[in-house]
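Close look at the chain arrangement
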Amino acid sequence: ASVGLLMVEIRAVTDLNQEKVIQIDTFARQQNPDADVDAIDIDTVAVDPAASTHTVVAKASANFNAGEWKVAEAALLDAIQVSPTSGLWTTLGVMYYKQGNRDGAYDAFNKAEVIGDGDPSLFLHRGVLNATMGRFKEAIEDYLRFTAVYPHHYLGTLNLGIAYLKSDQLDQAVSTLETA
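Residues numbered from 1 in each chain as written. Predicted model: local features only at pLDDT ≥ 70, side-chain atom pairs only at ≥ 80, totals over all residues. Heavy atoms only, no water.

Another aspect to go through is the nonpolar core. One finds Trp69, Leu76, Leu92 and Met95 to be the most contacted residues of the largest nonpolar core, which totals 30 residues. For this core, the secondary structure elements donating two or more residues are helix H2 (53-65), helix H3 (69-82), helix H4 (86-98), helix H5 (102-115), helix H6 (121-132), helix H7 (136-149) and helix H8 (154-166). Broken down by element, this core gets its largest block of residues, six residues, from H4. Setting aside residues no more than four positions away along its own chain, Met95 makes contact with Ala60, Ser61, Phe64, Trp69, Ala72 and Leu76. (Core = buried A, V, L, I, M, F, W, Y, C linked by side-chain atoms within 4.5 Å. Buried < 20%, exposed > 50% of the residue type's maximum accessible area, 1.4 Å probe, protein only. Helix = DSSP H or I, 4+ residues; strand = E, 2+ residues; numbered from the N terminus. Contact = heavy atoms within 4.5 Å.)

Along its 14 residues, H7 runs 20 Å from first to last C-alpha, staying within 8% of the 20 Å computed at 1.5 Å per residue. Those residues of H7 that fall on the buried side of the exposure criterion are Ala139, Ile140, Asp142, Tyr143, Phe146 and Thr147. Each buried residue of H7 lies within a common arc of 165 degrees when the element is viewed along its axis, so the set occupies one face. Within H7, the exposed residues directed more than 90 degrees away from the buried face are Lys137 and Ala148. Looking at the buried side of H7, the elements it contacts are H6 and H8. (Expected span 1.5 Å × (residues − 1). Arc of directions from axis to C-beta.)

Next up, the structure:
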């Protein structure tokens, strides 16, 4: 008989200030499938926004979508002060972009790149920004960096092909768009 996985822990944000922690003791279930074993332990814990990037981003996105841009921006900037990550800078850049603040978006994306902790989505987002500003050479470089990580990403490949078209690199555009 194989024992397999002993314990599974699942964390889910239930609202913006709490997350559920669910632990499933699979070993206890395997040993006593018919017994009344307390195999699931559910706990609700407070979320420290500085410690949970996903919670900060969820809260900032909710505020942004509700039209409370300054609250969203402040939450992200506070989190960045505590624990700067490329994901937080990229999220801030996207929010700046949606507000029409292209300079702020470009600065945030560049800060995300300097941190370089593995969030390749910044290259897709900065590529879009570069393309909308007519900087197709830079957009191509960003899309190439993104598609190097996600070679089958439809939007990244499509945007790369369009950037090639806009920069009169027709052979590259055709070969790229054929793979999209």
